[in-house]
Amino acid sequence: MDLFEYMRNTTKEKESPLAARLRPATLDEVVGQSHIIGKDKLLYRAIKADKISSIIFYGPPGTGKTTLARVIANTTSSEFTQINATAAGKKDMEEVISKAKDTLAMYARRTILFIDEIHRFNKGQQDYLLPFVEDGTIILIGATTENPYFEVNGALISRSIIFELKPLSREDIKELIHRAVYDKEKGMGSFDAEIDDDAAEFLAELSGGDARHALNAVELGVMTTDRSDDGKIHITLEVAEECIQKRRILYDKTGDNHYDTISAFIKSMRGSDPDAAVYYLAKMLYAGEEPAFVARRIMICASEDVGNADPMALTVAVNASLAVERVGMPEAQIILSQAATYVACAPKSNSAVNAISSATDEVKRSGNLPIPPHLQDAHYKGAQKLGRGTGYKYAHDYPNHYVEQQYLPYELTGKTFYEPSWNGYEAKIREHMKKIKEQKD
C-alpha cells in the first residue's frame, strides 16, 4: 500500500457514514443474530476456528449480512476479496479467480470471495463460479435479500450452508443507537450529544429491524441539531421525528392501542368495509407493525369470516403472506392492501367456524363413538375377517359421484354440523348438495 492509498483509506474511514463506521470488527461486537452466531452455534465456532466453508447469508436489508462478511475478513487467515454483483461482470470474476489460483499455488492460501447481492448475477455468471467453488479455489460467501432457493443456482446452494438473518429486535436497535451516540471511537461521542429514551424507542420502532435506517437518522440528528444552553446536542422525540420524516403514532405493540387497532382492522374486513380496513392497515404499517403479523390476521379472517362463500379469499391471503415474506417492505404494503381489500369485499360466511365449533362440542359431549365398520380400513391383515370395510360403497361408481350411506357414527345419524350460508359460492354448495342428495341410488 503506497502513501496515497493509505491517505485515501484513512479519509474514507473518517468520512464514511455512521452505519459503516460502526460496523463491528470482531464477533464480540456484533449485535443480534444470536440464533446463528451465539457462542454455541455453528457459524460462531467456524469463524473462531477459521474453518469457513461456502455460505450464503439471506435476510432483509440492514440485518448484518455485509457486517458478518467483514468480521470473517478480519478473522480469517485466507485472502479476502469482495465484489458487488450489481457492478461486477465476468471479467472481474476472471481476475479474482486468476489471483486466487496464484495465491493457492504460491502461498497455499485459499481465497474467500464475498459477493454482495449475489441474486443479481444471472445463471451464466453463477455457473462460472461453480467449478472453482467445487475444487476449493475459492470459498464463496454470498449475501442476498432474496430467497436463495429461488434466486441462486441450485448447484451453488447444494455446496453452501444457508444462514438466514432476522430483522434486528427493537432492543438490538436501541443498543446500536446508544453506541452510535456515545461511542467516541467509532460513533459520534465526540459531539457531546444525548438522546432521550422516547426518541431512541421511536427510532428503534420505526427502523423495522433495519439498523442502517436508524443509524442514518441518528447521524442526521446529531449533525443538524443546534447545541442547547448546556452545550450539549439533545436528540429529542421531536428531532427524531424530523430526521426520519414520520410522526409518532400512539401504537405500542404490547399495549391496548395495538390490540384495539388490529381488532378494528379485522372487524372492518368482517364488516365489508375496505376503506376502514385499509386505513387501519396503513396505521399499523406506519407505526412499524410487522407485515408478517398483519398477513397472519388476514389469513385468519379469510377463513373465519369469508370461508367457502369465496374460497379464493384464503388463496389470496396465503399467497399475499408468502409474497410479503419474499418481497419485504415497502412494497409489501401494496400486497397487504390487495389482500385486505379483497377479503373485505368478499361475500361473508362463518359456516366453517360454526361447523368445527359444533363438531368439537359433540366430540366433547359424546366421547369416542365407534366408526361405522364399512368406513374402517380394510387393508391390514385380518381386517376382512373382522368385517372392516365390508359393504363400503365407492362414491365414484355412482351418478354425480355420490351415494347415500352412513358416514357419521350411527349414534349421530342425521346430525348436521356444516350449514352453508346463502352468500356467494356457498349458495352453489347448497344447491349442489341438495341436488345430489335428491337422486336415487
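Our structure's up above, just so we're on the same page.
Reading guide: rules and limits
- Residues numbered from 1 in each chain as written.
- Predicted model: local features only at pLDDT ≥ 70, side-chain atom pairs only at ≥ 80, totals over all residues.
- Heavy atoms only, no water.
- Pairing = 2+ DSSP bridges.
- Helix = DSSP H or I, 4+ residues; strand = E, 2+ residues; numbered from the N terminus.
- Axes fitted to C-alpha atoms, helices over the stretch in contact; angles between N-to-C directions.
- Contact = heavy atoms within 4.5 Å.
- Buried < 20%, exposed > 50% of the residue type's maximum accessible area, 1.4 Å probe, protein only.
- Lys, Arg positive; Asp, Glu negative; His and termini not counted.
- Salt bridge = Lys/Arg side-chain N within 4 Å of Asp/Glu carboxyl O.
- 1 Å grid on protein atoms, 1.4 Å probe; cavity = no way out; pocket = protein on both sides within 12 Å on 5 of 7 lines; lining within 4 Å.
- Points joined across faces, edges and corners; volume = space filled by probe spheres on them.
- Nonpolar A, V, L, I, M, F, W, Y, C, P; charged D, E, K, R; others polar.
- Left-handed = near helix turned anticlockwise from the far one by under 90°.

Novice: What exactly am I supposed to notice about the sheet that holds strand β3 (residues 111-116) here?
Specialist: Hydrogen bonds between backbone atoms are what pair the strands of a sheet, whose relative direction is either parallel or antiparallel. Here we have five strands laid out as an open sheet, ordered β2-β3-β4-β1-β5, and parallel in their pairing. Each edge of the open sheet carries a strand with a single partner, namely β2 (79-84) and β5 (161-164). Taken pair by pair, the neighbouring strands of this sheet meet at an average axis angle of 15°, ignoring direction. Taken strand by strand, helix α5 (residues 65-75) contacts β1 (55-58), β2, β3 and β4 (138-144), and its axis lies near 145° from that of β1. The strands touched by helix α6 (residues 90-107) are β2, β3 and β4; relative to β2, the strand with the most contacts, the crossing angle is about 175°.

Novice: Looking at this structure, I do not really get the side chain of D310. What am I missing?
Specialist: On the secondary structure map, D310 appears in the loop between α16 (291-306) and α17 (312-327). Comment: no salt bridge for buried D310; closest opposite-charge side chain is K348, at 8.5 Å. The residues contacting D310, other than those within four sequence positions of it, are Y342, A346 and P347.

Novice: Please explain the pattern of salt bridges as it appears in this structure.
Specialist: A side chain of one charge can pair with a side chain of the opposite charge if their charged atoms are brought near each other. All told, the structure shown has 19 salt bridges when counted by the stated rule. For R21, the salt bridge identified is with E219, shortest N-O distance 3.8 Å. Linking R21 in helix α2 (residues 18-21) with E219 in helix α12 (residues 211-224), this pair joins segments that are 198 residues apart in sequence. Overall, E219 belongs to the buried group, its relative accessible area being 19%. Residue R270 pairs with D305 through a salt bridge whose shortest N-O separation is 2.8 Å. Note that R270 is positioned in helix α14 (residues 256-270) and D305 in helix α16, a separation of 35 residues in sequence. Residue D305 is classed as buried on the basis of its relative accessible area, which comes to 7%. Residues joined by salt bridges that share partners form a network here, namely R170, E171, K174 and E201.

Novice: Even after reading the chapter, I still don't get the layout of surface pockets, so can you show me in this structure?
Specialist: Over the atoms rolls a probe the size of a water molecule, and in doing so it shows where empty space is left. Approximately 1,200 Å³ is the volume attributed to the second largest pocket. Lining of the second largest pocket is provided by 43 residues; of these, P60, G208, P291, G328 and M329 occupy positions nearest its centre. For the lining of the second largest pocket, a count of residues per class yields 20 nonpolar, 11 polar and 12 charged.

Novice: How should the packing of helix α10 (residues 170-182) against α12 be read in this particular structure?
Specialist: The relative placement of two packed helices comes down to the angle between their axes together with the axis-to-axis distance. Where α10 contacts α12, the axes come no closer than 10 Å and their chain directions differ by 35°. Helix-helix and strand crossings are classified by hand; for α10 and α12 the assignment is right-handed. Along its contact with α10, which presents I173, L176, I177, A180 and V181, the element α12 presents A211, A214, L215 and V218. Looking at the contact of α10 with α12 residue by residue, the classes come out as nine nonpolar, no polar and no charged.

Novice: Would you take a moment to explain the environment of R212 for this structure?
Specialist: Within the element layout of this structure, R212 appears in helix α12. Sequence separation of R212 and K51 is 161 residues, and the distance between their C-alpha atoms is 29 Å. For R212, the residues in contact, after removing those within four places along its chain, are A19, R23, P61 and G62.

Novice: Explain unusual backbone geometry to me, please; I cannot follow it from the model alone.
Specialist: Excluding glycine, residues mostly carry a negative phi; peptide bonds, for their part, are mostly trans. Of note, the bond from M329 into P330 is cis; its omega dihedral lies within 30 degrees of zero at 10°. Positive phi values are uncommon outside glycine, yet D192 reaches one of about 55°. Structurally, D192 is set in the loop between α10 and β6 (193-195). Its identity is not glycine, yet S272 carries a phi of approximately 60°, on the positive side. You can see S272 is positioned in the loop between α14 and α15 (274-286). Overall, the relative accessible area of 39% leaves S272 in the partly exposed class.

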